[in-house]
Amino acid sequence: MADMMNRIKALFAPKKGNEQEYEPLTDESGALDESGYLPGREEVPFSWLEYSIFALIGVAMLWAWNMFIAAAPYFQKRFSSHEWILENSQSAILSVSTVTNLTAMLILTNMQSSASYPFRIKAGLLINIGVFTLLTATTKTFLDVSAPAYLGFLLLLVGCSAWGTGLMQNGAFAFAASFGRPEYMQAIMAGQGVAGVLPPIAQMASVLIAPPPPPAGGSDPTDAGPPPLREVGTAAFIYFLTAVAVSLAALAAFVPLVRRQRRRELGNLAAAAGLAGAEETAEPPARHFVSIPTLLRKLHWPAAAVFMCFAVAMFFPVFTSKIVSVRDDGSGGRLFSPDVFIPLGFFVWNLGDLAGRVSTMLPFSLRHRPAALFAIAVARLLFLPLYALCNVRGRGAAVPSDAFYLLAVQFPFGLTNGWLGSSSMMAAGEWVDEGEREAAGGFMGLCLVAGLTVGSLLSFSAAGI
């Protein structure tokens, strides 16, 4: 037993001595400090302004997808005349988005030598601005087109948006990694967490603020039935216009950041060459290609951890959309009705996710123990059986408590997701050479998207619970 415990401890211990293959790279030999940061590799001073810009890019990165989800009632109304499209439109949107996003990441990860990562970020933002400008316009025009024609138009825009998101993901993670500041990678992850928290709040507020529906057989039968297209179209107009505004704000903030980093890089090159004042003529060194097998050999533990983290996370929407309050009998008020309680479940999970992403700014870190990160990612599978103890489809709960569901299942599941995902992404830059940081950032983004894609496909196995 003692021998077995020693082997387990050795698995998670950082390798030393002649085990060089998976050891953090430093400019000179030395151990990691207690925060997990490497001495000699922090050439760029930390800036809260730069951190905030990367966080805004993270918000814009996921805002588009969240708006497609938030506008589901609008799309359902547009497809109400075609039963098959109505039933399968959400699956079609999910499939087109994830497959296109993963394809974009695979292609972009293999296009490194001539890559301009800032250009990819700007191109992705411009694509989303164009996509959501068109969607905003169609909430007021072309309302009479057929359901099949609108579905084709919508899937084309979903594919374009997913490609733009892929450009942003690849470019942002690579560009942030080039700074040599793990905090900037965490800023992108935190921004994504913010983008996940806000839509459920909007959904709950829209229900709680609106007057309650009349009881069955009430005196005003004109209020019965689903809301008209004009009403849901107004809400969709706001959703899509907000997505345009977020992308415009991110683009406006990002352009000065690129210029600032460009001046910094050229200044460093000129100083290294002893050419004071030659910043205008200095050129950055050519970027060398780093193959995926090379990156996988160096980053197999962080890559596996982030892949498993987000693959497991994709089960939570399936369960959350089916779990209702144990007080859904009219006695607890509107907060416990499904149209509010289900968004509340999404909000609590995303709040935990955001808290986990922000918590990686604390000194404690496991970034120097990537095998431990992977072990935690696998252990998170234990959260999935806990959902069966809750009130799935109103069939009754083994643990009849909304507090158990929200505080013991949803929040910790989201918390561990945010902390683990951010820790894994931040670890990548510490295990590669300085010239490989950009490629490592893009590769980790690929692993994240691959985890989301595989998880979304596997989650269909739980759809019939």
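Residues numbered from 1 in each chain as written. Predicted model: local features only at pLDDT ≥ 70, side-chain atom pairs only at ≥ 80, totals over all residues. Heavy atoms only, no water.

1. Observations concerning the overall build of the protein
Counting its regular elements, the protein contains 15 helices and zero strands. Counting the 465 residues in the protein, one finds 48% classified as buried. Look at the contacts in the protein between residues 6 or more apart in sequence, and 85% of them connect residues 24 or more apart. (Helix = DSSP H or I, 4+ residues; strand = E, 2+ residues; numbered from the N terminus. Buried < 20%, exposed > 50% of the residue type's maximum accessible area, 1.4 Å probe, protein only. Contact = heavy atoms within 4.5 Å.)

2. Side note on a nonpolar patch on the surface
Together, Ile-107, Met-111 and Trp-163 make up a nonpolar patch on the protein surface, roughly 260 Å² of accessible area in all. Mapped onto the elements of the fold, Trp-163 is located in helix H6 (residues 147-178). Given a relative accessible area of 31%, Trp-163 falls into the partly exposed group. (Patch = residues over 30% accessible without salt bridge, like charges linked within 9 Å, V, L, I, M, F, W, Y side chains within 5 Å. Areas by Shrake-Rupley, 256 points an atom, 1.4 Å probe, with all protein chains shown as cover. Salt bridge = Lys/Arg side-chain N within 4 Å of Asp/Glu carboxyl O.)

3. Things to note about empty space enclosed by the protein
Overall, the coordinates contain two cavities of 30 Å³ or more when judged by the stated rule. Each pocket or cavity is described by its volume, and for the second largest cavity that value is around 30 Å³. Considering the residues around the second largest cavity, the lining is formed by Ile-323, Val-324, Val-326, Cys-390, Asn-391, Ala-397, Val-399, Ser-401, Asp-402 and Tyr-405. Split into classes, the residues belonging to the lining of the second largest cavity amount to seven nonpolar, two polar and one charged. (1 Å grid on protein atoms, 1.4 Å probe; cavity = no way out; pocket = protein on both sides within 12 Å on 5 of 7 lines; lining within 4 Å. Points joined across faces, edges and corners; volume = space filled by probe spheres on them. Nonpolar A, V, L, I, M, F, W, Y, C, P; charged D, E, K, R; others polar.)

4. Side note on the pattern of salt bridges
A complete count under the given rule lists four salt bridges for this structure. Note that Arg-181 and Glu-183 form a salt bridge whose closest N and O atoms lie 2.6 Å from each other. You can call Arg-181 buried: its relative accessible area is 9%. On the accessibility criterion, Glu-183 (7% relative accessible area) is buried. Ionic pairing is found between Asp-433 and Lys-298, a salt bridge with its closest N-O pair at 3.4 Å. Linking Asp-433 in the loop between helix H14 (402-427) and helix H15 (437-458) with Lys-298 in helix H9 (residues 292-313), this pair joins segments that are 135 residues apart in sequence. Judged by relative accessible area, which is 12%, Lys-298 ranks as buried. One network of salt bridges, with partners in common, ties together Lys-298, Asp-433 and Glu-436.

5. With respect to the packing of H6 against H15
Across the interface, H6 lies against H15 with an axial gap of 7 Å and an inter-helix angle of 140°. The orientation of H6 with respect to H15, classified from their angle, is oblique. Note that H6 runs across H15; the crossing there is right-handed. Along its contact with H6, which presents Gln-169, Asn-170, Phe-173, Ala-174, Ala-177 and Ser-178, the element H15 presents Arg-437, Glu-438, Gly-441, Gly-442, Gly-445, Leu-448 and Val-449. Broken down by class, the residue content of the contact of H6 with H15 amounts to five nonpolar, six polar and two charged. (Axes fitted to C-alpha atoms, helices over the stretch in contact; angles between N-to-C directions. Parallel < 35°, antiparallel > 145°, perpendicular 65-115°, else oblique. Left-handed = near helix turned anticlockwise from the far one by under 90°.)

6. Observations regarding the packing of H9 against H15
Running from N to C, H9 and H15 point in directions that differ by 40°, and their axes come no closer than 8 Å. Judged by the inter-axis angle, H9 sits oblique to H15. Crossing angle aside, the handedness with which H9 passes H15 is right-handed. For the pair H9 and H15, the contacting residues are Ile-292, Leu-295, Leu-296, Leu-299, Pro-302, Ala-303, Val-306, Phe-307, Phe-310 and Ala-311 in the first and Ala-439, Ala-440, Phe-443, Met-444, Leu-446, Cys-447, Leu-448, Ala-450, Gly-451, Leu-452, Val-454 and Gly-455 in the second. In terms of residue class, the contact of H9 with H15 is made up of 20 nonpolar, two polar and no charged.

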